Amino acid sequence: VNVVSPDMTPALQRTAAEAADALISWEGDLEALAPLADRYVAVASEVSAIDVETWCKLTAAAATTMAALVLESIGAEERGDEAARARANELGQLLQKAAVGLCDAYPLRELGRRSES
Amino acid sequence: MSVKIKQGQSPLEQKAIEARLDALEITTDPSTREVAESDAKRSKVKGGLAGLEKVAPTGQLGIEELDKVEKKFGLGQVTGAIASAVGRSEADKAHDAIKSAVLAISGTGEQLAAFVQKSKYDPSSVLSMFRALSELPNTLKGVTSNEVLAHASRAEINQLRTAYAGFLQTFFQHQSQMIDTINDTLLPWINQRVDSYNDMSKQVARGSDLLTYNYVMGDVDQKLRPDQTKQMVHQVSNYGESTKAVLAMQGLFS
C-alpha cells in the first residue's frame, strides 16, 4: 500500500484509531453515541492526508455506525418515537459529513497516473 | 395523440431502451421522442398506440428481447426501470425505480462479497465489479431525487434505507481488502499491460518483422486488450469517487 501522510503523526494516528475503535464499540444508546461522534468528527477534521490502514478504520467505523443509525431511525419511526428518530438522523448526518470529508484524504489518488502519462 | 418514450438515465440504459424499441419496430420522432399513432400501428405491438399504452404498464413489452439486451450489457437490475420507459405514470415509475434500486443495491453488495472471495482476478470480473460500483452512485442519486421521493411511500423509503444500510456495512467491511487488491494486484496488472502495449507499439514503430507484429498484435487482441485496460484504469480510478458517493447518499438520514 502506497501513501503515508507526512502530517499523520504517531499521536494523531493513535487518536484516530482510538476514535474509530470507540465508535465501533458503541452499543446502541443514542446519548452515549453523541460524545463518541463528536470525538470522531474532531479527529476526522484534523486529517488532511492519511495512511491506508487508518483511513479504512475510520471510514468503516463511520459506515458501520451510520448503518446502525439508519436501522435505529426506522425502528424509532415504527415505535412512534419521534425524538429518537430525529436524534438518530442528527447523529447519522454528523458522521456522514465527517466520513465524506475524509474521502478528500482518500489514499488512492495516485491511481492511474502511470498509464495516463 | 402520441406516447413519449423516456430517455435512458445512463448510456447503458439508453442502449437497452433503443434495443427494445428496435426489436418492436417502434419508430420515434427523434426531436420529441414521441411515438405517433401511425408509427405504433406499423410496429409489432398489437392495437397501435392504445395497445402500446395498455401493455406498457405491465412491463411485458418485448420482454424477451429485453432479457437478451440485459444479459449482453449485464443490466439485470434495470428491468424495472426499462419496463417503466414507455407510457407509465410518474408514480408507477417512482415505485419501479425504488424496487430496481433496492435490487441493484443488494445485488452489488452480493457481487462485492463474492468478488473479494476470489483468489485470482480476470479482466471481465474486475470490470464488472468496478462498473457495478461506479454505477451505484447514479442509481442512488436517481432514486433519491425529489421526483421519485415525492411518490414514494414511507415503507418504500425504509426498504431503500435498509438495503442501503446493508450495503454500507458490506462495502466498508471489504474496503481494506479492495484497496489492497487495487494496490497489490490490479495496479501491477494494469501497469504491466500498459508497459507491454507501449513496448509493442515501439517495436511496430521501429518496423519489426511483420510476422512478429502479427503474432504480438494477436496477443494484444486475446490477452492484453488495450481498450479493456483503459476501461479498467478508468473504473478503478473512480473507485474513490464511488466511495464518497456511497457515503453521501442524499436523504439517508431524514
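In the block above lies the structure referred to throughout.
Overview of the structure. (Residues numbered from 1 in each chain as written. Chains lettered and ligands numbered in written order. Predicted model: local features only at pLDDT ≥ 70, side-chain atom pairs only at ≥ 80, totals over all residues. Heavy atoms only, no water.)

Side note on the overall build of chain B
Selection criterion: Going along the chain from the N terminus, every DSSP run of H or I of four or more residues is numbered as a helix, and every run of E of two or more is numbered as a strand. For the exposure calls, accessible area comes from a 1.4 Å probe over protein chains only, and a residue counts as buried if that area is under 20% of its type's maximum, exposed if over 50%, partly exposed in between. Whether two residues are in contact is decided by their heavy atoms: any pair within 4.5 Å suffices. Only the protein chains shown count as cover for residues, and all accessible areas are computed by the Shrake-Rupley method using a 1.4 Å probe.
For chain B, the helix and strand inventory stands at 13 helices and two strands. When burial is assessed residue by residue, chain B has 45% of its 254 residues classed as buried. The long-range fraction of contacts in chain B, counting pairs at least 24 apart against all pairs at least 6 apart in sequence, stands at 70%. Total accessible area computed for chain B in this model is approximately 12900 Å², and 51% of it derives from carbon and sulfur atoms.

A few points about the packing of helix 3 (residues 52-79) of chain A against helix 4 (residues 82-102) of chain A
Residue and element names in this part refer to chain A. Threshold: Interaxial angles span 0 to 180 degrees and are taken between N-to-C directions of axes, which are lines fitted to C-alpha atoms, for helices over the stretch in contact. Should an angle fall under 35 degrees it is called roughly parallel, over 145 degrees roughly antiparallel, and 65 to 115 degrees roughly perpendicular, with every other angle called oblique. By the definition used in this description, the sense in which the near helix is turned from the far one sets the handedness, with an anticlockwise turn below a right angle giving left-handed and a clockwise turn giving right-handed. Three categories are distinguished: nonpolar for Ala, Val, Leu, Ile, Met, Phe, Trp, Tyr, Cys and Pro, charged for Asp, Glu, Lys and Arg, and polar for the others, with Gly belonging to the last.
Following both chains from N to C, one finds helix 3 and helix 4 inclined at 160 degrees, their axes separated by 8 Å at the closest point. By the criterion of interaxial angle, the relationship of helix 3 to helix 4 is roughly antiparallel. When you trace helix 3 past helix 4, the crossing you get is left-handed. From helix 3, Trp-55, Leu-58, Thr-59, Ala-62, Thr-65, Met-66, Leu-69, Glu-72, Ser-73, Ala-76, Glu-77 and Arg-79 reach across to helix 4, where they touch Ala-84, Arg-85, Ala-88, Asn-89, Leu-91, Gly-92, Leu-95, Gln-96, Ala-99 and Leu-102. The class makeup of the residues in the contact of helix 3 with helix 4 is twelve nonpolar, six polar and four charged.

Let's talk about the interface of chain A and chain B
Test applied: Buried area: the accessible surface (1.4 Å probe) lost by two parts on joining, summed over both. We define a salt bridge as a side-chain nitrogen of Lys or Arg found within 4 Å of a carboxyl oxygen belonging to Asp or Glu. Whenever two N or O atoms come within 3.5 Å, that pair is a polar contact, provided that in protein one can donate a hydrogen and the other can accept it, and provided that, for residues adjacent in sequence, both atoms are side-chain atoms.
Contacts between the two partners involve 33 residues from chain A and, on the opposite side, 32 residues from chain B. Between chain A and chain B, roughly 2900 Å² of surface is buried when both sides are summed, and carbon and sulfur atoms account for 67% of that area. Here chain A is connected to chain B by one salt bridge. Arg-154 of chain B is paired through a salt bridge with Glu-77 of chain A; the nearest N and O atoms lie 2.9 Å apart. Joining chain A to chain B, the criterion identifies eight residue pairs in polar contact (both at pLDDT 80 or more). Every element with two or more residues in the side of chain A that touches chain B is listed here: helix 3, helix 4 and helix 5 (113-116) of chain A. Element by element, the count of residues in the side of chain A that touches chain B is highest for helix 3 of chain A, at 15 residues. Here the side of chain A that touches chain B is composed, by residue class, of 19 nonpolar, ten polar and four charged.

With respect to the packing of helix 3 of chain A against helix 9 (residues 154-173) of chain B
Relative orientation of the contacting elements helix 3 of chain A and helix 9 of chain B amounts to 160 degrees, with a least axis distance of 9 Å. As judged from the angle between their axes, helix 3 of chain A and helix 9 of chain B are roughly antiparallel. Taken as a pair, helix 3 of chain A and helix 9 of chain B cross one another with a handedness that is left-handed. Across the interface between the two elements, Thr-59, Ala-60, Ala-63, Thr-64, Met-66, Ala-67, Val-70, Leu-71, Ser-73, Ile-74 and Glu-77 of chain A of helix 3 of chain A pack against Arg-154, Asn-158, Arg-161, Thr-162, Ala-165, Leu-168, Gln-169 and Phe-172 of chain B of helix 9 of chain B.

Some remarks on the packing of aromatic side chains
All names here are of chain B. Put simply, the rule reads: Note on ring pairs: Phe, Tyr and Trp rings are taken, using the six-membered ring of Trp, and paired if centres are within 6.5 Å. Classes follow the plane angle, with under 30 degrees stacked, over 60 edge-to-face and the rest tilted.
Enumeration according to the criterion identifies two aromatic pairs over all chains in this entry. Between Phe-167 and Phe-171 the ring centres are 5.5 Å apart and the planes differ by 35 degrees, which places this aromatic pair in the tilted class. Taken as a pair, Phe-167 and Phe-171 lie in helix 9 at a separation of four residues, close to a single helical turn. Assessed through its relative accessible area of 2%, Phe-167 is described here as buried.

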